[in-house]
Amino acid sequence: MAADNVRILAASMVEKAKSGHPGGPMGGADFIHVLYSEFMDYDPSDMEWFARDRFYLDAGHMSAMLYAQQTLLGNYSMNDIKNFRQWGSPTPGHPEVDFKRGIENTSGPLGLGHAFGIGSAIAERFLAARFGKVVEHKTYIYISDGGVQEEISQGAGRIAGFLGLGQITMFYDANDIQLSTEVDTVTSEDTAKKYEAWGWHVITIDGNDHDAIRKALKAGNAEKDRPTLIIGKTVMGKGVAKEDGSAYEGEVELHGKPLSKSKASFEQTIKGMGGNPKSPFKVFPEVKAFYKKVVAEKKATSKKRKTQFKTWEKKNKAKAAQLKHFLSGDLPEINWKEIQQKEVDATRNASANVMSYLAGKVENLVISSADLCNSDKTEAYLKKTTEFKKGDFSGHFLQAGVAELSMSAIMIGMGLHGGVIPACATFFSFSDYQKPAIRVAALMEQPTIFIWTHDAFRVGEDGPTHQPVEQEAQIRLLEKLQNHSHKNSFLALRPADGHETTYAWKMALENKNAPTGLILSRQTIQQLPAKRSRFVAAKATEKGAYIVQDCEGKPDVILVANGSEVATLIEGAALLAKKKKKVRVVSAPSEGVFRKQSKSYQNKILPTQVPKFGLTAGLPVTLEGLVGQDGHVWGLNHFGYSAPYTVLDEKFGFTGNNVYKEVMKFLK
């Protein structure tokens with residue numbers, strides 16, 4: 001009856017909204033009901049309790065199922081679900097992270113949600129390795145045919161199996177139907193054998209049989225050394241009826257449109273499950289009584305565990321203080337001035353210096369690399385710790401293998417869990433593989449750190465496949481996009497020397513409302529000039545843009561860049577000075593941060609009545625917002641070529657001499 005109640009509420013939400021996906025939620029109702037009522041540990045009065053079991057919904061189109069289930073627990077009101085998909089409601093068409101209501105992740109692009117869950121499970125292992133049973137819990141994941149087909153499932157599934165994440169139980173809603181076709185139209189793979197090959201424990205059941213679901217969940221929870229996949233053969237649109245009352249189940253059209261817009265009858269379907277089609281937004285009295293008992297039992301269980309935790313706290317005061325610090329998201333005291341940077345160095349090496357310094361100081365920092373740690377220089381951190389291995393999560397490093405998208409989503413999932421500061425690294429050109437996960441992290445306001453090296457065409461001999469040109473412009477679009485908290489949804493930082501790199505790391509670790517990208521060079525860069533301490537001068541990095549070198553009086557021209565190109569502007573400025581030109585050089589590692597400064601500060605750095613010349617190794621649009629309509633940007637409007645980077649600098653005009661020539665031409 002409770003599962004039928006979930007089906008009625010889910011179908012009714014979609015019907016009232018005149019859009020949505022009724023069939024999947026109706027097929028999955030049996031599993032979600034059994035899971036939440038009998039197996040998951042959580043506190044209905046404190047859904048953010050840190051030791052709760054987590055449930056990650058990959059199939060975001062099945063949001064109506066999750067909302068209906070949470071309604072039975074009291075986390076949504078009837079008005080909330082009646083306003084499904086409407087303006088201002090807490091029930092968007094695809095669920096968005098809302099811990100207080102039991103929504104652990106934002107999901108929509110298939111495949112991401114289950115990778116978030118796997119990352120969360122790794123974070124749980126990381127914390128359990130340090131604090132023991134008081135932080136242990138289960139991770140439940142719900143995936144559909146589409147999620148299994150998405151390529152990210154290959155990387156995430158491989159990593160979960162390799163690490164032996166036995167606390168994961170993932171339900172695969174195998175209803176053989178997807179949005180536009182039946183599954184056998186697009187694939188004939190043996191999913192069970194695939195997951196078994198990755199080291200998963202696989203069980204196949206009737207996904208609408210409550211006893212089979214219970215048995216499978218018990219088996220999954222008993223498995224300690226392998227993640228469990230329950231392949232539940234469910235019925236798409238279970239309980240759907242036609243006008244004459246006959247069954248109309250397992251049809252493709254039930255996936256993505258209201259029942260009344262298909263050959264089914266909404267009225268007959270609701271009647272057939274014991275509901276009132278004229279007033280379907282009701283919880284049956286028997287179900288209400290049952291879930292009242294469930295809520296009481298969950299509260300009692302969580303109260304018992306919280307009491308046990310308090311006892312542990314008293315006996316382990318130092319550990320308890322450390323755990324509290326981890327969960328707070330706060331940083332320890334860091335003396336950034338102690339980090340030594342060279343006068344001539346690549347910013348990827350400067351980043352390595354920072355990571356090496358942070359090792360052991362930020363005790364919950366976890367770093368991952370996509371098989372590039374010796375090139376993206378995260379090995380500097382790895383040398384101070386160890387890699388995660390099956391049964392051993394005492395270290396701070398995840399070797400993800402060549403799987404940029406999976407790695408990104410897994411690290412984001414670690415952040416969603418809490419207690420861990422996640423960072424991951426690859427080449428900047430491969431950020432193209434990561435952007436789907438980054439976008440959802442931006443929406444969720446998750447502060448994952450992305451480390452990108454080999455930031456420009458100066459990768460050289462590797463050629464245009466590895467030379468970023470348009471990537472910086474793409475990623476900086478997220479700096480212009482506001483999240484739900486009306487803050488920049490991303491922080492993109494391209495430091496110009498070692499000390500700017502130190503401050504970029506500081507900003508990344510202090511950024512609590514969005515993901516951060518550190519865009520770093522492979523080739524060496526000359527440290528920027530400073531009248532006294534370059535470290536002190538570089539603190540202005542935190543304002544997004546600042547004056548590196550200035551002139552007496554009003555400048556004739558302002559030169560603007562970030563990253564490697566700032567040093568080139570310094571060379572060009574010296575040549576311009578010989579022609580009696582008064583020049584200001586501005587480093588702008590983040591336009592997004594700069595635009596958050598006061599108007600007076602912005603006008604002080606880039607006054608409107610002064611000509612501005614920008615230099616970027618990417619698309620000119622990267623700096624056009626800073627130089628303004630009357631300014632000029634020298635950048636690339638083509639893919640690079642394979643050659644040593646010094647040759648490319650000459651060929652593409654990224655030299656002090658060419659800056660001089662182009663600025664003189666511009667000023668005329």
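See above for the structure.
This text gives an overview of the structure that appears in the document. Note that the structure is predicted; figures quoted are calculated from it, not measured.

Reading the values: rules and limits
Residues numbered from 1 in each chain as written. Predicted model: local features only at pLDDT ≥ 70, side-chain atom pairs only at ≥ 80, totals over all residues. Heavy atoms only, no water. Helix = DSSP H or I, 4+ residues; strand = E, 2+ residues; numbered from the N terminus. Rg over C-alpha atoms; globule rule 2.2 N^0.38 Å. Buried < 20%, exposed > 50% of the residue type's maximum accessible area, 1.4 Å probe, protein only. Contact = heavy atoms within 4.5 Å. Areas by Shrake-Rupley, 256 points an atom, 1.4 Å probe, with all protein chains shown as cover. Lys, Arg positive; Asp, Glu negative; His and termini not counted. Charge placed at Lys NZ, Arg CZ, Asp CG, Glu CD. Axes fitted to C-alpha atoms, helices over the stretch in contact; angles between N-to-C directions. Left-handed = near helix turned anticlockwise from the far one by under 90°. Nonpolar A, V, L, I, M, F, W, Y, C, P; charged D, E, K, R; others polar. Phe/Tyr/Trp six-rings, centres within 6.5 Å; stacked < 30°, edge-to-face > 60°. Lys NZ or Arg CZ within 6 Å of the ring centre and 35° of its normal. Parallel < 35°, antiparallel > 145°, perpendicular 65-115°, else oblique. Salt bridge = Lys/Arg side-chain N within 4 Å of Asp/Glu carboxyl O. Pairing = 2+ DSSP bridges. Right-handed = clockwise from strand over helix to strand, strands pointing away. Core = buried A, V, L, I, M, F, W, Y, C linked by side-chain atoms within 4.5 Å.

## Describing the overall build of the chain
Reasoning step 1: The secondary structure content of the chain amounts to 25 helices and 18 strands.
Reasoning step 2: Over its C-alpha trace the chain gives a radius of gyration of 28 Å, about what one expects of a compact globule, namely 26 Å for 668 residues.
Reasoning step 3: When the backbone C-alpha atoms are referred to their principal axes, the chain occupies close to 90 × 60 × 45 Å.
Reasoning step 4: Taken over 668 residues, the chain has a buried fraction of 61%.
Reasoning step 5: Across the chain, the fraction of contacts at a sequence separation of at least 24, relative to all contacts at a separation of at least 6, is 76%.
Reasoning step 6: Total accessible area on the chain is roughly 26300 Å²; 50% of this is exposed by carbon and sulfur atoms.
Reasoning step 7: For the chain, the centre of its 85 positive side-chain charges and the centre of its 75 negative side-chain charges are spaced 7 Å apart.

## Regarding the packing of helix α2 (residues 23-39) against helix α3 (residues 63-72)
Reasoning step 1: In contact at an axis separation of 9 Å, α2 and α3 are set at 35 degrees when each is read in the N-to-C sense. Handedness of the crossing formed by α2 with α3: right-handed. Between α2 and α3, the contacting residues are Pro25, Gly28, Ala29, Ile32, His33 and Tyr36 on the first element and Ala64, Met65, Leu66, Gln69 and Gln70 on the second.
Reasoning step 2: Among the residues making up the contact of α2 with α3, the classes are represented as seven nonpolar, four polar and no charged.

## Quick look at the packing of aromatic side chains
Reasoning step 1: Within this structure, the stated rule accounts for 26 aromatic pairs.
Reasoning step 2: The interplanar angle of 85 degrees and the centroid separation of 5.1 Å between the aromatic rings of Tyr195 and Trp200 together place this pair among those described as edge-to-face. Taken individually, Tyr195 and Trp200 each receive the classification buried, so the pair is uniform in this respect.
Reasoning step 3: Through a chain of ring-to-ring contacts, three or more aromatic side chains come together here, namely Phe31, Tyr36, Tyr42, Phe55, Tyr142 and Phe171.
Reasoning step 4: Directly above the aromatic system of Phe126 lies the positively charged group of Arg130, at a separation of 3.6 Å from the ring centroid.
Reasoning step 5: A cation over an aromatic ring shows up here: Lys361 above the ring of Tyr357, its NZ or CZ 4.1 Å from the ring centre.

## Focus on the packing of helix α20 (residues 565-578) against helix α25 (residues 656-667)
Reasoning step 1: Running from N to C, α20 and α25 cross one another at 60 degrees; their axes reach a closest spacing of 7 Å. Judged on the interaxial angle alone, α25 and α20 are oblique. Between α20 and α25 lies a crossing of right-handed hand. Every residue of α25 that contacts α20 at Thr568, Leu569, Glu571, Gly572, Leu575 and Leu576 is listed here: Gly656, Asn657, Val659, Tyr660, Val663 and Met664.
Reasoning step 2: For the contact of α20 with α25, a count of residues per class yields seven nonpolar, four polar and one charged.

## Observations concerning the pattern of salt bridges
Opposite charge on two side chains lets them pair, provided their charged atoms get close.
Reasoning step 1: Evaluated as defined, the whole model comprises 31 salt bridges.
Reasoning step 2: A salt bridge links Asp4 to Arg7; the shortest N-O distance between them is 3.0 Å. Of this pair, Asp4 and Arg7 both sit in helix α1 (residues 2-17), three residues apart, which is roughly one turn of that helix.
Reasoning step 3: Its relative accessible area of 24% is what places Asp4 among the partly exposed residues.
Reasoning step 4: Accessibility expressed as a relative area gives 4% for Arg7, which makes it buried.

## Observations concerning the pairing of strand β9 (residues 421-427)
Reasoning step 1: Most of β9 sits out of view: seven of its seven residues are buried.
Reasoning step 2: Bridge analysis of strand β7 (residues 365-369) against β9 gives five bridges, and the strand direction is parallel. Residue pairing across strands places Leu365 opposite Ile421, the latter belonging to β9.
Reasoning step 3: Note: β9 against strand β10 (residues 449-453), five bridges, orientation parallel. Opposite Ala423, over in β10, you have Ile449 as the bridge partner.
Reasoning step 4: Crossover connection from β9 via helix α16 (residues 431-444) to parallel β10: handedness right-handed.

## Things to note about the pairing of strand β15 (residues 557-561)
Reasoning step 1: Within β15, five of the five residues are buried, which leaves it mostly tucked inside the rest of the structure.
Reasoning step 2: Because side chains alternate across β15, one face comprises the buried residues Val557, Leu559 and Ala561, and the other comprises Ile558 and Val560, equally buried.
Reasoning step 3: Where β15 lies against strand β16 (residues 583-587), five bridges are found, and the strand directions are parallel. Considered in β16, the bridge of Val557 is made with Val583.

## A closer look at the sheet that holds strand β2 (residues 139-144)
Backbone-to-backbone hydrogen bonds join strands into a sheet, with any given pair of strands oriented parallel or antiparallel.
Reasoning step 1: Ordered by their spatial adjacency, five strands build an open sheet running β1-β2-β3-β5-β4, and the pairing between neighbours is parallel. Every interior strand has two partners, whereas the edge strands, β1 (54-57) and β4 (201-206), have only one. Taken over all neighbouring pairs, the strand axes of this sheet differ in orientation by 20 degrees on average, direction set aside.
Reasoning step 2: The sheet contact formed by strand β3 (residues 168-173) and strand β5 (residues 228-233) spans five bridges and is parallel. Residue Met170 lies in a different strand from β5, and its bridge partner there is Leu229.
Reasoning step 3: Together, β2, β3, β4 and β5 form the strand contacts of helix α9 (residues 210-222), whose direction differs from that of β4 by roughly 170 degrees.

## Let's talk about the nonpolar core
One recurring pattern in soluble globular proteins is that nonpolar side chains are buried together.
Reasoning step 1: Judged by nonpolar contacts, the single largest core of 78 residues is most densely connected at Trp336, Leu358, Trp505 and Leu559.
Reasoning step 2: Those residues in contact with Trp505 that sit more than four places away from it in its chain are Trp336, Ser351, Val354, Met355, Leu358, Ile449, Ile451 and Leu518.
Reasoning step 3: If you look at the next biggest cluster of nonpolar residues, it comprises 67 residues, including Ala121, Ile122, Val134 and Leu163.

Structural measurements only, silent on function.
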